[in-house]
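A closer look at the structure
Residue-level listing of the chains:
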Amino acid sequence: MNVVRLELARGLGRHLRAGHPWVFRKALEQVPKIPAGSVVDLTEGGKFVARGYFDPHSAIAVRVLTRDSRETIDAGFMARRVRQALAERRSLIDLTDTDSFRLLHGEGDGLPGVVVDLYAGYAVLKLYSAGLTPYRHLLVEALKAALPELKGIIGRDEVARDDVEDEDGRGTGRMLYGAQAPELIPIRERGATFLVDAWRGQKTGFFLDQRENRFLIRRLAKDRDVLNCFCFSGGFSVNAALGGAKSVFSVDLDPDAIALARENFTRNGIPAERHDFLAADVFKIIQSFKDEGRTFDLIILDPPAFAKSQKAVQAALDGYASLNRQALALLRPGGLLATASCSARVSPNDFMGAVREAAFKAGVDLALVEERYQPPDHPVRLQFPEGKYLKFYVLGAV
């Protein structure tokens, strides 16, 4: 292992010693001209601080893999990290009626920029840094060794720059190992069935981080008229219907997502014709319902990330406040609002503040019923608060 030594700007070593995994270009005394993926040792005053990989295309120049100078970045290192993550999942997640979960969650599992989602025996490997490209084959071998029953591995294109969060994960996949995966992979989640487009779907094809929240909606939806905004492939909608909702109205701008949501109803034995599906702009539909005087008992808001960059945070907060205010105009007295944010740059306090402002302007008193974040297969290390991205609140109109 050839290692390049990079000196940190004075005083920055303590953040890495504390466990933060990112080093920005401006934190280096000099930015070297070395290939993406080069192993580098970060030093302060000539003394070793941490070891990671280099990305010349990102504002995050180095991502830390270890703070142990004796640890070599090789096949054995990757295999250990994968085995450890798998053992943690199996000990923390109830998989009796679920066959899909996140196996590797980047920084949360000590492999910054690496995401692996398991879908019914197929792994989807997504790399969020060009610096990871040289390690792809090591990760594939580590997955094969840890999961002998693996049917195949789909690779999704990595991005050259991840400091601006401007990609939606729609790079077409390719088989890296095993049998050709079907165009749509049927998975089980808490007893429900969903079809996942792991080849072209957003991110890796499904939002596994909302698994427990979808199950919560199943419990809360009984005898309620439900509006699911930004429904994607109908995860919340299916669970609402399985939970005994009187009606479910699913809205998403993407016609393909709506078609898949309808198919997911059928797959779960739910007559799709008894519910409503519409490919349309959520904001326009909410306004249309308001004009009609139509209301609902349970409204679900799970929009895409509003803050694509740090400078967009205030606009995102304004957007969340506006969206929730408009939705509250459709909520019946005694109804429930389930609202989410997946913007990592929007803190839980700021998101709750936006919802509070929305309630004030809508003239609705809300009480917090449930406050949730991402599940155990999306771990957040305390030294990396940026990893706490998902906020999910259920609030009751009182």
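Residues numbered from 1 in each chain as written. Predicted model: local features only at pLDDT ≥ 70, side-chain atom pairs only at ≥ 80, totals over all residues. Heavy atoms only, no water.

Selection criterion: UniProt positions are given in the numbering used here, feature names are shortened, and annotations may be inferred rather than shown by experiment.
By the naming in an unreviewed UniProt entry, the protein chain is 23S rRNA (Cytosine1962-C5)-methyltransferase, taken from Stigmatella erecta. According to UniProt, the comment filed for the protein chain under the heading Subcellular location (unreviewed entry) is "Cytoplasm". If you open the UniProt record of the protein chain and go to Sequence similarities (unreviewed entry), you find "Belongs to the methyltransferase superfamily. RlmI family."

**With respect to the domain arrangement of the protein chain**
Quoted interface sizes are often the accessible area lost when the parts come together. Under the convention used in this document: Domain extents, as shown, originate in an automatic or database domain assignment. Whether two residues are in contact is decided by their heavy atoms: any pair within 4.5 Å suffices. Accessible area that two parts lose when put together, evaluated with a 1.4 Å probe and summed over both, is termed the buried area. Salt bridges are identified by distance alone: a Lys or Arg side-chain nitrogen within 4 Å of an Asp or Glu carboxyl oxygen. Each polar contact in these results corresponds to two N or O atoms within 3.5 Å; when the atoms are within protein, one needs to be able to donate a hydrogen and the other to accept it, and residues that are neighboring in sequence are counted only if both atoms are side-chain atoms.
What the domain assignment lists for the protein chain is domain 1 (4–66), domain 2 (75–183) and domain 3 (207–397). Listed as interface residues are 17 residues of domain 1 and, on the opposing side, 18 residues of domain 2. Buried surface at the junction of domain 1 and domain 2, both sides included, amounts to about 1200 Å², of which 56% is carbon and sulfur. Counting across the domain 1 and domain 2 interface gives 0 salt bridges. For the pair domain 1 and domain 2, the number of links is 7 residue pairs in polar contact (both at pLDDT 80 or more).

**Here we look at the UniProt feature "domain: PUA" (unreviewed entry) in the protein chain**
Inclusion rule: Note on conventions: DSSP H or I runs of at least 4 residues are helices, E runs of at least 2 residues are strands, and numbering of each starts at the N terminus.
Taken from the UniProt record, the annotation "domain: PUA" (unreviewed entry) applies to residues 4–87. End-to-end, the C-alpha atoms of residues 4–87 are 33 Å apart, and along that stretch the chain is 21% helix and 33% strand.

**Remarks on the sheet that holds strand S3 (residues 39–44)**
Inclusion rule: Pairing between two strands requires that DSSP report at least two bridges joining them. An axis is simply a line fitted to the C-alpha atoms; with a helix, the fit covers only the stretch in contact. Between two such axes, the angle follows the N-to-C directions and lies from 0 to 180 degrees.
Strands sit in the order S1-S3-S4-S5-S2 across an open sheet of 5 strands; the sheet is mixed. A strand with exactly one partner marks an edge of an open sheet, and here the two such strands are strand S1 (4–7) and strand S2 (22–24). The mean inter-strand angle of the sheet, taken between neighbouring strand axes irrespective of direction, is 40°. Alignment of S2 against strand S5 (residues 60–66), held across 3 bridges, turns out to be antiparallel. Paired with Trp22 across the bridge in S5 is Arg63.

**Examining the environment of Asp94**
Condition: Burial here depends on accessible area, computed with a 1.4 Å probe over protein chains only, as a share of the maximum for the residue type. Under 20% is buried, over 50% is exposed, and the range in between is partly exposed.
With respect to the secondary-structure elements, Asp94 resides in the loop between helix H2 (75–92) and strand S6 (100–105). By relative accessible area, Asp94 is classed as partly exposed at 41%. Separated by 289 residues in sequence, Asp94 and Gln383 place their C-alpha atoms 27 Å apart. Here Thr96 takes part through its side chain, which lies 2.8 Å from a polar atom of the side chain of Asp94.

**Focus on the packing of aromatic side chains**
Describing an aromatic ring pair means giving the distance of the ring centres and the angle of the ring planes. For clarity, the threshold we go by: Note on aromatic pairs: the rings of Phe, Tyr and Trp (six-membered ring only in Trp) are paired at centre separations within 6.5 Å, and the planes decide the class, stacked below 30 degrees, edge-to-face beyond 60, tilted for the rest.
Applying the stated rule across the entire model yields 14 aromatic pairs. Between Phe265 and Phe277, the ring centres sit 4.9 Å apart and the planes meet at 85°, which makes this aromatic pair edge-to-face. Placement of the pair is Phe265 in helix H6 (residues 255–267) and Phe277 in strand S15 (residues 276–279), with a sequence separation of 12 residues. Judged by relative accessible area, which is 10%, Phe277 ranks as buried.

**Thoughts on the pairing of strand S17 (residues 331–341)**
Of all 11 residues in S17, 8 are buried, a share of seventy percent or more. With 5 bridges joining them, strand S16 (residues 296–301) and S17 adopt parallel strand pairing. Residue pairing for S17: Ile300 is matched across the bridge by Ala338. Here 6 bridges tie S17 to strand S19 (residues 391–397), and the two strands are oriented antiparallel to one another. Note on S19: the bridge partner recorded for Thr339 is Tyr393.

**What to know about helix H4 (residues 211–220)**
Counted residue by residue, H4 has 7 buried out of 10 residues, so it is predominantly covered. All of the buried residues in H4 are Arg211, Asn213, Arg214, Leu216, Ile217, Arg218 and Leu220.

**What to know about the pattern of salt bridges**
Per the stated rule, a full pass over the model turns up 26 salt bridges. The residue Glu212 makes a salt bridge to Arg211 at a minimum N-O spacing of 2.9 Å. Here Glu212 falls in the partly exposed class, since its relative accessible area comes to 25%. As a salt-bridge pair, Glu370 and Arg219 come within 3.4 Å of each other at their nearest N and O atoms. You can see Glu370 sitting in strand S18 (residues 366–372) and its partner Arg219 sitting in helix H4, a full 151 residues away along the chain. We classify Arg219 as exposed; its relative accessible area is 56%. Connected through salt bridges with shared partners, the residues Asp97, Arg190, Arg211, Glu212 and Asp377 form a single ionic network.

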